[in-house]
Amino acid sequence: MRKSKLRFILPLFLAIVLLTATLSSASIGFYFDYKPTFSITNIAYLVDSSVSGYAQSIEDAFSTWKEKTKNNDVNARVGYYKVSSSPYYTPPAQVVFTLSTTGTSYTAYFTATGAPANSGTGEPYSNWAKCVIYLAPNLSDPKATVIHELGHVFSLKHPFENPEGVYKMQTSCMIPSIAPSTYIKYRSTVPTAFDVANVNSRFK
Ligand SMILES: [Zn+2]
């Protein structure tokens, strides 16, 4: 009697331990397999002449992220400096802004050897040495767009697309302006506490 009971209880106990471990490691964040290998504390950024009209908005977007993350862990505080020319693919991490020819804004990732680190669709990727943010012409709120794309650089994905499904209804700067109507009401033009906590969780 006792032995058969134990046979039932032990697997149940192990299952609970495993589930608890999984949930606690997933307590915040919505793209769990992505951990950036480069720090975001000292990003060199370059504004291509094709988007020089957005230069002030880009500066303001970085400044906003820096202010919002200033209380994060040391490695999760956004820091940046502007460069006018840049040796590509050499750390520290770099972000280059240029004009999009597709009509939409997105972020692409490249490795230290210059190879695309993803398919160019704007999916976060851990091994980037350089990110290129493509900005569409005639943006109505370029600062909000840059804040959103920088969120991708800092590892964030659209909450409503997260595979776990549990963060869908979170107010976030990672809701794009073209999001489905169900989610657009959760859109923020600045990083929210949720976004800041997510960045923090990526650089521990
Ligand atoms: Zn996006």
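Remember, predicted model here, so these are calculated numbers, not experimental data.

Q: Tell me what's going on with the nonpolar core, and back it up with residues and numbers.
A: Val95, Phe97, Trp128 and Cys131 are the most contacted members of the largest nonpolar core, which has 42 residues in total. At the level of elements, strand S1 (43-47), helix H2 (55-68), strand S3 (94-99), strand S4 (106-110), strand S5 (130-135), helix H3 (142-153) and helix H5 (193-202) are the ones that each hand at least two residues to this core. For Val95, the residues in contact, after removing those within four places along its chain, are Ile43, Tyr45, Cys131, Ile133 and Val153.

Q: Could you give me a rundown of the environment of Leu139, with the residues and numbers involved?
A: Considering the arrangement of structural elements, one finds Leu139 in the loop between S5 and H3. The class of Leu139 is partly exposed, set by 18 C-beta atoms lying within 10 Å. C-alpha separation for the pair Leu139 and Gly103, spaced 36 residues apart in sequence, amounts to 10.0 Å.

Q: How would you sum up the pairing of strand S2 (residues 80-83)? Please name residues and give values.
A: Both S1 and S2 contribute to a ladder of four bridges, which runs parallel. The residue bridging Ile43 from the neighbouring strand is Tyr80, located in S2. For the crossover from S1 across H2 to S2, the handedness is right-handed.

Q: Explain the sheet that holds S1 residue by residue, including any values.
A: Within a sheet, adjacent strands bond to each other through the backbone by hydrogen bonds, running parallel or antiparallel. Ordered by their spatial adjacency, five strands build an open sheet running S2-S1-S3-S5-S4, and the pairing between neighbours is mixed. Among the strands making up the open sheet, the edge pair consists of S2 and S4. Adjacent strand axes in the sheet meet at a mean angle of 25° when their direction is disregarded. Relative to the sheet, H3 contacts S3, S4 and S5, its axis offset from that of S5 by approximately 150°.

Q: Give me unusual backbone geometry: which residues, what numbers.
A: Backbone geometry at Asn138 places phi at a positive 60°, although glycine is not the residue there. With respect to the secondary-structure elements, Asn138 resides in the loop between S5 and H3. Assessed through the 7 C-beta atoms surrounding it within 10 Å, Asn138 is described here as exposed. The backbone phi angle of Ser155 is positive, close to 100°, even though this residue is not glycine. Examined against the element boundaries, Ser155 turns out to sit in the loop between H3 and helix H4 (181-184).

Q: Describe the confidence of the model for the protein chain, naming the residues involved and giving the relevant values.
A: In the predicted model, the protein chain carries a mean pLDDT of 80, and 72% of its residues have values of at least 70. Across the protein chain, the secondary-structure element scoring lowest on mean pLDDT is helix H1 (residues 2-25), at 46, and the one scoring highest is H2, at 98. Confidence drops under pLDDT 50 across residues 12-27; counting only partners more than four residues distant or on other chains, this segment forms two contacts.

Q: Describe H3, and please don't skip the residues or the numbers.
A: An ideal rise of 1.5 Å per residue puts 16 Å on 12 residues; H3 measures up with 16 Å between its terminal C-alpha atoms. Judged by how many residues are buried, H3 sits mostly within the fold: 11 of 12 residues are covered. Buried within H3 we find Pro142, Ala144, Thr145, Val146, Ile147, His148, Glu149, Leu150, Gly151, His152 and Val153. Packing partners of the buried residues in H3 comprise H2, S3, S4, S5 and H5.

Q: Describe H5, and please don't skip the residues or the numbers.
A: With seven of 10 residues buried, H5 is to be regarded as a mostly interior element. The complete set of buried residues in H5 reads Phe194, Asp195, Val196, Asn198, Val199, Ser201 and Arg202.

Q: Got a sec to walk through the packing of H2 against H3? Specific residues and values, please.
A: It is at 8 Å that the axes of H2 and H3 come closest, and there the two elements cross at 50°. By the angle between their directions, the pair H2 and H3 is classed as oblique. Where H2 crosses over H3, the handedness of that crossing is right-handed. Contact residues: Ser57, Ile58, Asp60, Ala61, Thr64 and Trp65 in H2; Pro142, Lys143, Val146, Ile147 and Leu150 in H3. Residues belonging to the contact of H2 with H3 are distributed by class as follows: seven nonpolar, two polar and two charged.

Q: I'd like a rundown of the environment of Asp141, residues and numbers included.
A: Residue position: Asp141 is located in the loop between S5 and H3. Residue classification places Asp141 among the exposed positions, given that 12 C-beta atoms sit within 10 Å. Each C-alpha atom, one on Asp141 and one on Ser177, is 9.8 Å from the other, the two residues being 36 residues apart in sequence.

What counts and what doesn't
- Residues numbered from 1 in each chain as written.
- Predicted model: local features only at pLDDT ≥ 70, side-chain atom pairs only at ≥ 80, totals over all residues.
- Core = buried A, V, L, I, M, F, W, Y, C linked by C-beta atoms within 7 Å.
- Buried ≥ 20, exposed ≤ 12 C-beta atoms within 10 Å, placed from the backbone.
- Helix = DSSP H or I, 4+ residues; strand = E, 2+ residues; numbered from the N terminus.
- Contact = placed C-beta atoms within 7 Å.
- Pairing = 2+ DSSP bridges.
- Right-handed = clockwise from strand over helix to strand, strands pointing away.
- Axes fitted to C-alpha atoms, helices over the stretch in contact; angles between N-to-C directions.
- pLDDT = per-residue confidence, 0-100.
- Expected span 1.5 Å × (residues − 1).
- Parallel < 35°, antiparallel > 145°, perpendicular 65-115°, else oblique.
- Left-handed = near helix turned anticlockwise from the far one by under 90°.
- Nonpolar A, V, L, I, M, F, W, Y, C, P; charged D, E, K, R; others polar.

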